[in-house]
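# Residue-level structural notes
Listed below are the residues making up each chain.
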Amino acid sequence: MDAKTILKEHVSKIATLTDEQFDYFFSHFKTETFKKGQAIISEGQEVDKEYFVLSGCLKAFYVNDEVKMYILQFAMPTWWASDYAALYNKTNATINVDCVSDVEILSLSNADREKICSEIHQIEHFFRWRTNRGYVASQKRLLSFMNNDTKTRYEELLKLYPALYNIVPKHLIAAYLGVSRETLSRLYNASK
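In this report, we go over the structure that sits alongside the text. The model shown is predicted, which means the values in this text are computed figures rather than measured ones. (Residues numbered from 1 in each chain as written. Predicted model: local features only at pLDDT ≥ 70, side-chain atom pairs only at ≥ 80, totals over all residues. Heavy atoms only, no water.)

### What to know about the nonpolar core
To keep things clear, this is the line we draw: What we call a nonpolar core is a set of buried Ala, Val, Leu, Ile, Met, Phe, Trp, Tyr and Cys residues that are connected through their side-chain atoms within 4.5 Å. The rule is simple: take the accessible area with a 1.4 Å probe, protein chains only, and divide by the maximum for that residue type; under 20% is buried, over 50% is exposed, in between is partly exposed. Here a helix means four or more residues in a row that DSSP labels H or I, a strand means two or more in a row labelled E, and each is numbered from the N terminus.
If you look at the biggest cluster of nonpolar residues, it comprises 21 residues, and the most contacted ones within it are L7, F25, L106, I123 and F127. Where this core is concerned, the elements lending two or more residues are α1 (3–12), α2 (19–26), β3 (49–55), β8 (103–109), α4 (110–119) and α5 (121–147). No other element matches the 4 residues that α1 contributes to this core. Among the nonpolar cores identified, the runner-up in size contains 20 residues, and Y154, L164, A174 and Y176 belong to it.

### What about α5?
For the record, the criterion: The length a helix should cover is 1.5 Å for every residue beyond the first.
With 27 residues, α5 should cover 39 Å at 1.5 Å per step; its first-to-last C-alpha distance of 39 Å lies within 8% of that length. Listed in full, the buried residues belonging to α5 are I123, F126, F127, R130, R141 and S144.

### Description of the packing of helix α6 (residues 150–160) against helix α8 (residues 170–177)
How we decide: Angles here are taken between N-to-C directions and fall from 0 to 180 degrees, while the axes themselves are lines fitted to C-alpha atoms, restricted in helices to the stretch in contact. Note on angle classes: values under 35 degrees are labelled roughly parallel, values over 145 roughly antiparallel, values of 65 to 115 roughly perpendicular, and the remainder oblique. The handedness criterion is simple: a crossing whose near helix is rotated anticlockwise from the far helix by less than a right angle is left-handed, and one whose near helix is rotated clockwise is right-handed. Any two residues having at least one pair of non-hydrogen atoms within 4.5 Å are treated as being in contact. Three residue categories are used. Nonpolar comprises Ala, Val, Leu, Ile, Met, Phe, Trp, Tyr, Cys and Pro, charged comprises Asp, Glu, Lys and Arg, and polar comprises the others, including Gly.
In the contact formed by α6 and α8, the axes pass within 10 Å of each other and the chain directions differ by 120 degrees. For the element pair α6 / α8, the angle class is oblique. Between α6 and α8 lies a crossing whose hand is right-handed. Here R153, Y154 and L157 of α6 lie close against α8, whose contacting residues are I173, Y176 and L177. Here the contact of α6 with α8 is built from residues that sort into 5 nonpolar, no polar and 1 charged.

Pasting the structure below:
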């Protein structure tokens, strides 16, 4: 499936657009490809785009002063990623986004998104819905960290995103769960 069709199917689940409106919307995106391990956003850089994944997988992560990595998000096909705090607040990145695998993405600038949202109500509705859904997912993940043990969080991840285990290396899943690679191996072996 081509990039335009993938995005159109994704948007049409939420918003109803005419062909002309969608063509106009799509004309603001740029198709980009990146290799496994390549950085898309690095801490400290200016952020002016968000990214829609067509193929492959991205990870958004933070590295603390002790050089420990915390994965905030994986982004698989039809998911969006960026450093949203930096994007919306026009500040430098505090998180990194890089490629877990080779990826093809569509990038959309913040200025273009705002312009299109002001021109087409259904696009504004789509982005509002997507942002709200992302907020709810973040809130659920935070509550899971506060209330559930490692085994329960692991089982939740398996249930919600079974494809992750075929795409993402285990040490990255461990970093997402906030556990060691050894702990993840024990959980993985126990669930077989």
